[in-house]
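Coordinates in review
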Amino acid sequence: MIPLAEMQELVLGSVRQLDPVEVGLREALGLVLATDVVTHESVPPFANTGMDGYAVRAADTADAVPGAPVRLDVVGELPAGAAPSTPVGPGEAIRIMTGAPMPDGADAVVMVERTAPADGGGVLVERAAKVGEHVRPAAGDLAAGDLVFPAGTRLGPAHLGVLASVGVRDAPVVRRARVGVMSTGDELVERGPLAPGQIRESNRPMLLGLLADAGVEPVDLGTAPDDEAIITRTLEDALASCDAILTSGGVSVGDYDFVKAALDRLGELSWRQVAIKPAKPIAFGIVAGRPVFGLPGNPVSSLVSFELFARPALLQMMGNEHRFRPVVCATTESAMLRRSDGKLHLDRVRVTHRDGRYYAGRSGPQYSNVLSATAAANGLALLPDGDGVAEGADVDVMRLDWPADH
């Protein structure tokens, strides 16, 4: 068996970053910038008001106090989207709406709540305004020539908004990976009644969901029977159209592990026993320039293998600096005992936060076929080789419900 960190290093050292492309902002969510983005426009491009109210000369309002307002003549109205054509002179004001450009002569805005109508079309200003009050200056957010975001930035919704604000319509990003998923086994059934010895196929829908959650483009390769020729043909077709491939099942040492035979036929893979439980057996290699992950067939093992090996590699392929889930220190709500067997045990746990601390309790039975306990979990407790962890002790937990942070 090899240590977890050694296997992760082998995997991450083998995958290359995908090519840069330009995609529309709607398609760029979750992707990573391939180059720096520098703006050629200022944001905002002109000084404008941050409030509905009246554009004024602050000096004209200096004597205004509650109960003794100052009267100004209203000489125009300026909605957002209109260019100002009338300047504000001494003793004058212009009715202005949020986002409208500041007219010449005005240096402040009095919010409408601090005014009242005056006879003859004027306005009563009830409080003195300060120069610059409620005025958003030109280039107050970004100035032409500024670095908007550096290469390597993962684009969230707010990033897309900023890019749109500086006129970017197509973002230069590392492209989204296309990843094929295939399950194998004569015993797997998706529809219809189960015959003796058959079970429902669950790994492929789970892995497709995990891929979507990681921000890649999942490709459903279907379920293949235990037939080496069919498995080989499916994998060959997938290698021609996908950036990476996940298979589930057939990676141990049984007589019917046809995935191993098919993958060995297509390329050179490493068949490893990793010092972890669950998910000890895994196959990995680069076939026709594409990473191929042979994940275990037990559903919990398949998920854990994905989280520890495939997900970090796929994030790295798409240019992500942060690839691994965050780990927090939690207090155990009950003992998590394990026999010493030379492995790192990963227990499915539910993490809660109370009184400034994290607490972790097992989410259900820990057998590698009990997927329901994994669905109830939001973390994997990392139990080093030994006797386990006593109740009330500290344990490191990898948060499955948090994105990568390192």
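Conventions used here
Residues numbered from 1 in each chain as written. Predicted model: local features only at pLDDT ≥ 70, side-chain atom pairs only at ≥ 80, totals over all residues. Heavy atoms only, no water. Helix = DSSP H or I, 4+ residues; strand = E, 2+ residues; numbered from the N terminus. Buried < 20%, exposed > 50% of the residue type's maximum accessible area, 1.4 Å probe, protein only. Contact = heavy atoms within 4.5 Å. Core = buried A, V, L, I, M, F, W, Y, C linked by side-chain atoms within 4.5 Å. Pairing = 2+ DSSP bridges. Phe/Tyr/Trp six-rings, centres within 6.5 Å; stacked < 30°, edge-to-face > 60°. Axes fitted to C-alpha atoms, helices over the stretch in contact; angles between N-to-C directions. Left-handed = near helix turned anticlockwise from the far one by under 90°. Nonpolar A, V, L, I, M, F, W, Y, C, P; charged D, E, K, R; others polar.

**Looking at the overall build of the protein**
In terms of helices and strands, the protein carries eight helices and 28 strands. With the C-alpha coordinates aligned to their principal axes, the bounding extent of the protein is approximately 95 × 50 × 45 Å. Within the span of the protein, comprising 406 residues, buried residues form 46% of the whole. Considering only residue pairs separated by 6 or more positions, the protein has 71% of its internal contacts joining residues 24 or more positions apart.

**Some remarks on the nonpolar core**
The biggest cluster of nonpolar side chains holds 44 residues, and the ones touching the most others in it are F293, F306 and F309. Secondary structure elements with two or more residues in this core: α1 (4-12), β13 (178-184), α4 (203-213), β17 (244-248), β20 (281-287), β21 (290-295) and α7 (299-317). Sort the elements by how many residues they give to this core and α7 lands first, with eleven residues. V23, L33, F149 and L163 belong to the second largest nonpolar core, which has 17 residues in total.

**As for the pairing of strand β12 (residues 170-174)**
Counting buried residues along β12, four of its five residues qualify, which places the element largely inside the surrounding structure. Pairing analysis gives five bridges linking strand β1 (residues 20-24) to β12, with the strands arranged antiparallel. Across the sheet, the residue bridging to P20 is V174, located in β12.

**Comments concerning the packing of aromatic side chains**
Applying the stated criterion across every chain yields a total of two aromatic pairs. On the numbers, 5.0 Å between centres and 45° between planes, the contact of F284 with F293 is tilted. Of the two residues, F284 and F293, neither departs from the other in class, the shared state being buried. Aromatic side chains Y358 and W402 sit 6.0 Å apart centroid to centroid with 70° between the ring planes, which places their arrangement in the edge-to-face category. Here W402 lies in the segment after β28 (394-399) and Y358 lies in strand β25 (residues 357-362), a separation of 44 residues in the sequence. What makes Y358 partly exposed here is its relative accessible area of 24%.

**Concerning the sheet that holds β17**
The sheet built from six strands is open, its strands ordered β16-β13-β17-β21-β20-β18 with mixed pairing. Looking at which strands have only one partner, the edges of the open sheet turn out to be β16 (217-224) and β18 (269-273). Averaged over all adjacent pairs, the angle separating strand axes in this sheet is 15°, with direction ignored. Pairing of β17 with β21 involves four bridges; the strand directions are parallel. The residue of β21 that forms the bridge with S248 is L295. Helix-sheet contacts for α1 involve β18, β20 and β21, and the interaxial angle to β20 is about 20°. Contacts between α4 and the sheet are confined to β13, β16, β17 and β21, with β16 contributing the most and set at about 170° to the helix.

**Focus: the packing of α1 against α7**
Packed helices, taken two at a time, are described by their axes: the angle between them and the distance between them. At a closest axis distance of 9 Å, the pairing of α1 and α7 adopts a crossing angle of 35°. The crossing of α1 and α7 is right-handed. Contacts between α1 and α7 involve L4, M7, Q8, V11 and L12 from the former and L308, F309, P312, A313 and Q316 from the latter. Looking at the contact of α1 with α7, its residues break down into eight nonpolar, two polar and no charged.

Purely geometric stuff here, so don't read any function into it on its own.
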